[in-house]
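# Architecture and fold: a report
Listed below, chain by chain, are the residues.
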Amino acid sequence: MHVIVLNGGSSSGKSGIARHLQELLPQPWLHLGADTMVDALPPSLRGGGEGIGGLDDGNGTVDVGPVFAELDAAWTVGVAAMARAGARIVVDEVFLGTTASQARWRAALDGLDVLWVGVRCDPAVAAAREAARGDRVAGMAAAQAEAVHEGVVYDLVVDSTRASAADCAALIVERVRALG
């Protein structure tokens, strides 16, 4: 296995699951994803327009501009290149473009062993986590909870509504081991 792609809405538990996967899997795995990419952006691209908007204000929707889309496409190809070079990677993603997002990742990861994992969480539970975190725009978790899964095909789905991040990670590790 080269890559594990975790797709889920904001505050669904993806990052916690990824940290547990790093502890449970026998080899070293890098944890990279949407937050890593956004954190690498210059501040001028974090306010909307050509970049990405809605992360610091708004009604919970995220707007993606053309410069962000271009950089995100390059990011995806770069992550795939790291996997091809031998790194094992847990990708922590939010498929805002649903099937188009998955298609972009599938194309970049073509030829690699990939486990596609949907991380589901009840919108109300995700919204409560979002409020407790205090670092997200109110409404983002509820808006993304179901939308990011529309039409996306997974090898495995975990539900973090009631299961802990550790329990979700254990299910993923079982699948990785079963695939050999």
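Residues numbered from 1 in each chain as written. Predicted model: local features only at pLDDT ≥ 70, side-chain atom pairs only at ≥ 80, totals over all residues. Heavy atoms only, no water.

## Topic: the overall build of the chain
Which entries qualify depends on this criterion: Where helices and strands are cited, they refer to DSSP runs of H or I of at least four residues and of E of at least two residues respectively, numbered from the N terminus. Accessibility here uses a 1.4 Å probe with only protein chains present; expressed as a share of the type maximum, an area under 20% marks a residue as buried, one over 50% as exposed, and anything in between as partly exposed. Any two residues whose heavy atoms approach within 4.5 Å at even a single point are treated as in contact. With residues, only the protein chains shown are counted as cover, and all accessible areas are computed by Shrake-Rupley using a 1.4 Å probe.
Along its length, the chain carries seven helices and seven strands. Ordered by position in the sequence, the α and β elements of the chain form the string β-α-β-α-β-β-α-β-α-β-α-α-β-α. By residue count, 44% of the 180 residues in the chain fall in the buried class. Taking all contacts inside the chain whose residues are at least 6 apart in sequence as the whole, residues at least 24 apart take part in 74%. If you sum the accessible surface of the chain, you get close to 8500 Å²; carbon and sulfur atoms cover 54% of it.

## Side note on helix α4 (residues 99-108)
Basically, it comes down to this: By definition, the arc is the one covered by directions from the helix axis to the C-beta atoms.
For α4, the complete set of buried residues consists of Ser101, Gln102, Trp105 and Ala108. Down the axis of α4, the buried set is contained in an arc of 125°. They therefore lie on one face. Turned more than 90 degrees away from the buried face of α4 sit Ala100 and Ala107, all of them exposed. Of the surrounding elements, those touching the buried residues of α4 are α3 (66-84), β5 (88-93) and β6 (114-120).

Coordinates in, geometry out; function isn't part of it.
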